Amino acid sequence: MKKILIILLATTLLGSFMGCTKNTATNNETKAEKTKIKVATMEEFYFKDVVMAAQKNLAKDNIELEIVTFADNVTPNTAVMEGSVDYNFFEHVPFLDDFNSSPQGGDLKVIGSPITAAYEGLYSHKYKSLDEIEKGARVGLPNDASNRTMHLKFLDRLKLIKLKDDSKETVDLTDIAENPYEFNFIEMDTPSIVSSLDDLDLGTCSQSSIVKRGIDPKTALATYNDPELGIVLVSRSEYVDSELSKRVYEAFTSQEVLDMIKEKYDNVVEPLFASESK
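Structural notes, computed from the coordinates. (Residues numbered from 1 in each chain as written. Predicted model: local features only at pLDDT ≥ 70, side-chain atom pairs only at ≥ 80, totals over all residues. Heavy atoms only, no water.)

**Quick notes on the sheet that holds strand E12 (residues 231-236)**
Stage number 1. Within the open sheet, the six strands sit side by side as E2-E1-E3-E12-E4-E13. Their pairing is mixed. Strands at the two margins of the open sheet, each flanked by one partner only, are strand E2 (63-70) and strand E13 (269-271). Within this sheet the neighbouring strands show an average axis-to-axis angle of 35°, counted without direction.
Stage number 2. Relative to E13, strand E4 (residues 108-118) is paired through three bridges, and the arrangement is antiparallel. Counted as the bridge partner of Ala 118 is Val 269 from E13.
Stage number 3. Taken strand by strand, helix H2 (residues 47-59) contacts strand E1 (35-42), E2, strand E3 (87-92) and E12, and its axis lies near 170° from that of E2.
Stage number 4. Here helix H8 (residues 243-252) sits on the sheet and contacts E1, E2, E3, E4 and E12; the angle it forms with E4, its principal contact strand, is near 5°. (Pairing = 2+ DSSP bridges. Helix = DSSP H or I, 4+ residues; strand = E, 2+ residues; numbered from the N terminus. Axes fitted to C-alpha atoms, helices over the stretch in contact; angles between N-to-C directions. Contact = heavy atoms within 4.5 Å.)

Printed below as a string of structure tokens:
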């Protein structure tokens, strides 16, 4: 008799549990569960504004994007690698390659094609033109390999220095063959260069960072833009080909992003895509 009661009770409980599951499923059919992702970026440049524009686009599909900002240009990659965020948007491919090959690096991958490219500039609060540059000037230069290479080649094209071989993939201060202005190079993390212009004579930096600091980008002594150094969307290798990653990439190449660039960074940031907005 006890066995029969136990069996009947178990059957009743199972029926109740199955009934709850069905009701939950029915509720989910009427209200889709929100997908949540985290994207790491940097506050200093225009990158966060792009992420915010993509955030608006993703909201159309009930995808909630949480923005995680960092002050340095290393943690956004380690955060993706360790899994505390899902994606990042702040770097070009040479910088990512340097990270992946470094001791703390991993196997981070690019999703899609480069999305934006910013103009770089040579700025000074002391000089108004290249002709005014004096010997012994203190020059702020990025301290990471890829950006240091980019900016040394920029100075070489301006004939302010001469590199031993400007075709080398990576160059540093030891690759300078001639330094006619006897520049005193001060290497620092990229975001610090703009904030240090009062203490430097010259600084090579992104024009988007100049805009965010309220400085007129047209005050640059010289500018250049290299679309091959476009900023990319990055994630772990196992997520690159997922449907969610494809949708996130669509958001980063959407009309919302194009409109934001036109409004805030016209002639400073170049979109490298035609709108793929849903």
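Continuing now.
**Points about the pairing of strand E5 (residues 120-123)**
Stage number 1. The alternating pattern of E5 places Glu 120 and Leu 122 and Gly 121 and Tyr 123 on opposite faces, both of which are buried.
Stage number 2. Where E5 meets strand E10 (residues 202-206), four bridges bridge the pair, whose relative direction is antiparallel. For Tyr 123, the partnering residue across the bridge sits in E10 and is Gly 203.
Stage number 3. Pairing analysis gives three bridges linking E5 to strand E11 (residues 222-224), with the strands arranged antiparallel. Its bridge partner lying in E11, Gly 121 is registered against Thr 223. (Buried < 20%, exposed > 50% of the residue type's maximum accessible area, 1.4 Å probe, protein only.)

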